[in-house]
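Residue-level listing of the chains:
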Number of protein chains: 2
Amino acid sequence: MPSTQLTFADRAAHRAWLAAQSSLPAGFRVGRASFDFTPREAPKPARMNLTVIALDQPTPAFAALFTRNAFPGAPVIIGRTRLAEPSLGAIVINNKISNVCAPDGVATAERVCAAAAAQLGLSPRQVLPSSTGVIGWALPEEAMIAALPAAVGALAPGSVLPAAEGIVTTDLYPKVRRADVGGGSIVGIAKGAGMIEPNLATMLVYILTDIAVPRAELRQMLARAADASFNAISIDSDTSTSDTVVALSSGRVPFADWGAFERALHQVCRDLAEDVVRNGEGIRHVIRVTVREAASPALARALGKAVVNGPLFKCAVAGNDPNVGRLIQAIGKHVGAHAPGTDLSGLRASLGGIEIFSGGVFRLNPEKEAALVAHLRSAELYASQVGPDGVFSAPIDFPPHERAVELEIALGNGAASATVLGGDLTHEYVSENADYRS
Amino acid sequence: MPSTQLTFADRAAHRAWLAAQSSLPAGFRVGRASFDFTPREAPKPARMNLTVIALDQPTPAFAALFTRNAFPGAPVIIGRTRLAEPSLGAIVINNKISNVCAPDGVATAERVCAAAAAQLGLSPRQVLPSSTGVIGWALPEEAMIAALPAAVGALAPGSVLPAAEGIVTTDLYPKVRRADVGGGSIVGIAKGAGMIEPNLATMLVYILTDIAVPRAELRQMLARAADASFNAISIDSDTSTSDTVVALSSGRVPFADWGAFERALHQVCRDLAEDVVRNGEGIRHVIRVTVREAASPALARALGKAVVNGPLFKCAVAGNDPNVGRLIQAIGKHVGAHAPGTDLSGLRASLGGIEIFSGGVFRLNPEKEAALVAHLRSAELYASQVGPDGVFSAPIDFPPHERAVELEIALGNGAASATVLGGDLTHEYVSENADYRS
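Residues numbered from 1 in each chain as written. Chains lettered and ligands numbered in written order. Predicted model: local features only at pLDDT ≥ 70, side-chain atom pairs only at ≥ 80, totals over all residues.

Participant: Pulling in residues and values, what's your account of the overall build of chain A?
Facilitator: Scanning chain A from N- to C-terminus turns up 12 helices and 15 strands. Computed over its C-alpha atoms, the radius of gyration of chain A comes to 22 Å, within 12% of the 22 Å expected for a compact globule of 438 residues. Its C-alpha atoms give chain A principal-axis dimensions of about 70 × 55 × 40 Å. When the 438 residues of chain A are sorted by exposure, 59% land in the buried category. Looking at chain A alone, contacts between residues at least 24 apart form 81% of all its contacts between residues at least 6 apart. (Helix = DSSP H or I, 4+ residues; strand = E, 2+ residues; numbered from the N terminus. Rg over C-alpha atoms; globule rule 2.2 N^0.38 Å. Buried ≥ 20, exposed ≤ 12 C-beta atoms within 10 Å, placed from the backbone. Contact = placed C-beta atoms within 7 Å.)

Shown next as structure tokens:
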């Protein structure tokens, strides 16, 4: 479950809350710079943010998880090798171009790291590169290196917000979550907003803490926290080539209660994961599916994913249409294809707390229909509205509430459970992605 | 490959071609009736077509394939038992409500079959029920039985078109394909248009022939033909609870050349499968993916499906945007999740015959970009246009051409291949499905 149930009346209220979340743990500084450039593959002007997260001292206590996509980006290829380095001192992040399968992509990223290292007094291998954006294009290396002095010059302690704002692409608003624990803090930022069904790791997430957690423990705890949070979400079933979750400890605050730290880390990861879904491309309803009484945790999670990835059910939710037939269809499709023989005769399902299916048949009537519609409407983030030329875009740049479409599915044949978060499929998603590069 | 490369200037040209396709094989009659009713779960007026396909004499030579969805509809449950019957005399098909997991659904369908049998001079178990439409609602039993005399009274030889028109739901036009072989013919009709990623069988397809093919051979040949056609398409990755493919032989034309018959059957199935995709919900571009040099046919097909089911790539195609990064992402997602360790270093990919990827990197430049856009535009079926209130609907009720977005992927590590058909993800799909029941 999320740790908050917030509502925001307007952008200003959300930004004030974000600012309060954003206080940097001791030992970190962030800075960023922006510049215009022209991609060489498709010459149209674009603007790139270059964000730097720097430690005051390089730290051995860092952890990172990367995508399982078989075409990982150059930063992921490099990042995997950085895990063996004795210490890390900075992360250099760009948006707009993800540096995936681009000619000379790894060497380009290494040269950017080397240029950053020179300015930060680090060795090149103490710098982790990170990129998000269009797949297949090459980084504008010269322009990035030219912008580095401005980003490094802007480095400042105080707030992580410049980084949270710098890493966005199609996100509607920055995402920051924190937990204060044991005299220190954990602060995480995340970048969504599409191509998100993480497999092991997810999108771009950076978690900073001043609590002194040794490298080995930090890596174990991050893997567990990511599995329970980022690996349980899907916006569009597309696993990115760039998914990355990084955790850094500056080690400034001695701490012994690892249980408390891990609980706080889980909270930050779960909250950020829900933020990523809530601000997923085109999402107007968050859908939370809890599957109980399953034979295995894997089946419970897979069924939850099958529900939130079923395009017809997602469209029904977008239209506030309680077409629960599509829900049962999605469950039956997954079981028929991947777990044939599973006994579904005891399946019970509810939507918004209202029973819709049990004993092998639907339990529907006009009164329930009206109540189901009301539940869907209550979880809507904003009303869809078409602009000139048929383009739909979200009219908000803050999350008005944290409600979700709540689905409960009890399989009746086991003790395992899982909760999965996803969203609806909307005109806004199509508008966003049918001409994202245009 | 499809057996035709047709273009149609307008609806009249398409309907004239359909009429020529529709000549019924000897020994069959079709009839239909329509009526208004009110579903009891969500009281809004609706109109149902009741279609009857009847043999002049019951035949032992029938075959049927059904969905693997774990929540099959009542007609599928009944249909599986009919396979053991000595003969079949008629099919009764309704649209609007699919009779899936509805209370008393199997008994209701059996009572409709019994009523039809009484009027046709058959035993109830010689009638196959078939339904498509909303999942979860109950059939309007009394109204259906009341409409049966009109449908049976309309039975006529000559044309299959009344049945092809009667079974549609969200289809834009009826689908009929034929092959003339050995002095007889094979005529197939299909109903799409959403919830389509068949698993073993697909949507509703009825194939009628007067060629005398014994039951066992007909069943084997239908299974092979469906695997190479309906099982190689996906409109939205959603496997229906009602997918059904039925083949009936009236046995009127003696025939010995089973090879020729099977080739003709494959052709009809492939052509119908492509028709189903071309008229898939919201589809403005058909996407044909051929995967070659794969280690296994299963991997080749799965990769093709991963490409045509990747929502981001589908959206890019909708926008005539050659965002081939999303293509590589979709391949990498599937391999990373389901075939890790597969060597992709030799992968080559082309779009519209233009090389876009080889040697581990993209091969892009502004000239190719323009040529790729032109290829996408040439495969577009119609331009998207928004109506009042932001609703998008297809402005055509015929297929203007049979062109497709042509993707070739060579994996370089095997000899297996597969071709998969899918389509783009459009505003029209969202409009269709965000308020399909409204």
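Anyway, onward from the coordinates.
Participant: Describe the confidence of the model for chain A, with residues and values.
Facilitator: The predicted model of chain A has a mean per-residue pLDDT of 91, with 97% of residues at 70 or higher. Overall fold confidence for the complex sits at a pTM of 0.88, while the interface term, ipTM, reaches 0.85. (pLDDT = per-residue confidence, 0-100.)

Participant: Pulling in residues and values, what's your account of the pairing of strand 7 (residues 184–191) of chain A?
Facilitator: All names here are of chain A. With eight of eight residues buried, strand 7 lies mostly within the body of the structure. Neither face of strand 7 is left uncovered, since the one carrying Gly184, Ile186, Gly188 and Ala190 and the one carrying Ser185, Val187, Ile189 and Lys191 both have all their residues buried. Two elements, strand 6 (residues 175–181) and strand 7, share seven bridges in a ladder whose sense is antiparallel. Opposite Val176, over in strand 7, you have Ile189 as the bridge partner. The loop that links strand 6 with its antiparallel partner strand 7 comprises two residues; one of these, Gly182, has a positive phi angle of about 55°. Where strand 7 meets strand 8 (residues 204–211), six bridges bridge the pair, whose relative direction is antiparallel. Bridged to Lys191 within strand 8 is Leu204. (Pairing = 2+ DSSP bridges.)

Participant: Before we move on, could you go through the packing of helix 12 (residues 427–434) of chain A against helix 9 (residues 311–318) of chain B and cite the residues and values that matter?
Facilitator: At a closest axis distance of 8 Å, the pairing of helix 12 of chain A and helix 9 of chain B adopts a crossing angle of 70°. Considering the angle they form, helix 12 of chain A stands roughly perpendicular to helix 9 of chain B. In the packing of helix 12 of chain A onto helix 9 of chain B, the handedness of the crossing is right-handed. Only Leu312, Cys315, Ala316 and Ala318 of chain B of helix 9 of chain B make contact with helix 12 of chain A, whose side of the interface consists of Val430, Asn433 and Ala434 of chain A. Residue classes in the contact of helix 12 of chain A with helix 9 of chain B are distributed as six nonpolar, one polar and no charged. (Axes fitted to C-alpha atoms, helices over the stretch in contact; angles between N-to-C directions. Parallel < 35°, antiparallel > 145°, perpendicular 65-115°, else oblique. Left-handed = near helix turned anticlockwise from the far one by under 90°. Nonpolar A, V, L, I, M, F, W, Y, C, P; charged D, E, K, R; others polar.)

Participant: Please give an account of the interface of chain B and chain A that cites residues and values.
Facilitator: Between chain B and chain A, the residue contacts involve 65 residues of the former and 65 residues of the latter. Put simply, the parts of the chain that give the side of chain B that touches chain A at least two residues each are helix 9, helix 10 (324–338), strand 13 (361–362), helix 11 (366–378) and helix 12 (427–434) of chain B. In terms of residue class, the side of chain B that touches chain A is built from 31 nonpolar, 24 polar and 10 charged.

Participant: Run through the nonpolar core, naming residues and quoting values.
Facilitator: By size, the foremost hydrophobic cluster in this structure holds 274 residues, and its most contacted members are Ala90, Val307 and Ile331 of chain A together with Ala90, Val246, Val307 and Ile331 of chain B. Beyond its immediate stretch of four places on either side in the chain, Val307 of chain B contacts Val289, Phe313, Leu327, Ala330, Ile331 and Leu407 of chain B. (Core = buried A, V, L, I, M, F, W, Y, C linked by C-beta atoms within 7 Å.)

Participant: Break down the relation of the copies chain B and chain A for me, with residues and values.
Facilitator: With an RMSD of 0.0 Å, the operation that places chain B on chain A is a rotation of 180° combined with a shift of 0.0 Å along the axis. Such a turn and shift between the copies fits a two-fold axis. Closest approach to the rotation axis within chain B is made by the C-alpha atom of His427 of chain B, at a distance of 2.9 Å. Of the residues that chain B buries at the interface, 100% are likewise interface residues in chain A, meaning the two copies contact each other through the same surface. (Least-squares fit on C-alpha atoms with pLDDT ≥ 70 in both.)

Participant: Pulling in residues and values, what's your account of the domain arrangement of chain A?
Facilitator: Residue and element names in this part refer to chain A. Assigned domains of chain A: these are domain 1 (11–278) and domain 2 (286–434). Domain 1 and domain 2 are separated by 31 Å when their C-alpha centres are compared. Contact with domain 1, which involves 15 residues of that partner, is made by 18 residues of domain 2. Secondary-structure elements contributing two or more residues to the side of domain 1 that touches domain 2 are helix 1 (11–21) and helix 7 (258–278). Of the residues belonging to the side of domain 1 that touches domain 2, the class tally is seven nonpolar, five polar and three charged. (Domains from an automatic or database assignment.)

Participant: Describe the sheet that holds strand 2 (residues 46–59) of chain B, with residues and values.
Facilitator: All names here are of chain B. In space, the four strands of this open sheet follow the order 1-2-4-5, with mixed pairing throughout. Either end of the sheet is taken by a strand with one partner, and the two such strands are strand 1 (28–37) and strand 5 (127–131). Looking at each pair of strands side by side, their axes are set apart by 15° on average, direction ignored. As defined by bridge partners, strand 1 adjoins strand 2 across 10 bridges and the pair is classed as antiparallel. Looking at strand 2, one finds that Ala33 is bridged to Leu50. Along the sheet face, helix 4 (residues 141–153) touches strand 1, strand 2 and strand 4 (88–94) and points at about 145° away from the line of strand 1.

Participant: So what's going on with the sheet that holds strand 6 (residues 175–181) of chain B? Residues and values would help.
Facilitator: Residue and element names in this part refer to chain B. Spatially, the five strands line up as an open sheet ordered 3-9-8-7-6, and their pairing is mixed. Since the sheet does not close on itself, it has two edges, and those belong to strand 3 (62–66) and strand 6, each with one partner. Averaged over all neighbouring strand pairs, the angle between strand axes comes to 10°, with direction disregarded. In this sheet, strand 9 (residues 244–253) lies alongside strand 3 in antiparallel orientation, the contact comprising five bridges. When the sheet's bridge partners are listed, Leu65 is paired in strand 9 with Val245.

Participant: I'd like a description of the environment of Leu148 of chain A, backed by residues and values.
Facilitator: All names here are of chain A. Residue position: Leu148 is located in helix 4 (residues 141–153). Owing to 19 C-beta atoms within 10 Å, Leu148 belongs among the partly exposed residues under this scheme. The contact partners of Leu148, leaving out residues within four places of it in the chain, are Leu50, Ala115, Ala116 and Gln119.

Participant: A description of helix 7 (residues 258–278) of chain B should follow, citing residues and the corresponding values.
Facilitator: The end-to-end C-alpha distance of helix 7 of chain B, which contains 21 residues, comes to 30 Å, matching closely the 30 Å that a straight helix rising 1.5 Å per residue would cover. By the criterion of burial, helix 7 of chain B is predominantly enclosed, with 15 of the 21 residues buried. (Expected span 1.5 Å × (residues − 1).)

Participant: Would you mind going over helix 11 of chain B in detail, with residue names and values included?
Facilitator: Residues three or four positions apart in an α-helix share a direction because the helix packs 3.6 residues into each turn. The end-to-end C-alpha separation of helix 11 of chain B is 19 Å, in line with the 18 Å expected for 13 residues at 1.5 Å each. Buried-residue contacts for helix 11 of chain B involve helix 9, strand 11 (348–351), strand 12 (354–358) and strand 14 (405–410) of chain B.

Participant: Explain unusual backbone geometry residue by residue, including any values.
Facilitator: Residues and elements named next belong to chain A. Phi is positive for Lys96, which is not a glycine, with a value near 80°. Exposure remark for Lys96: the 19 C-beta atoms within 10 Å place this residue in the partly exposed category. Positive phi is not limited to glycine here, since Asn320 has a value of about 50°. Considering the arrangement of structural elements, one finds Asn320 in the loop between helix 9 (311–318) and helix 10 (325–338). Judged by local crowding, Asn320 falls into the buried class, with 23 C-beta atoms found within 10 Å.

Participant: Tell me about the environment of Asn99 of chain A, and please be specific about residues and values.
Facilitator: Within the element layout of this structure, Asn99 of chain A appears in the loop between strand 4 (88–94) and helix 3 (105–120). Separated by 67 residues in sequence, Asn99 of chain A and Arg32 of chain A place their C-alpha atoms 19 Å apart.

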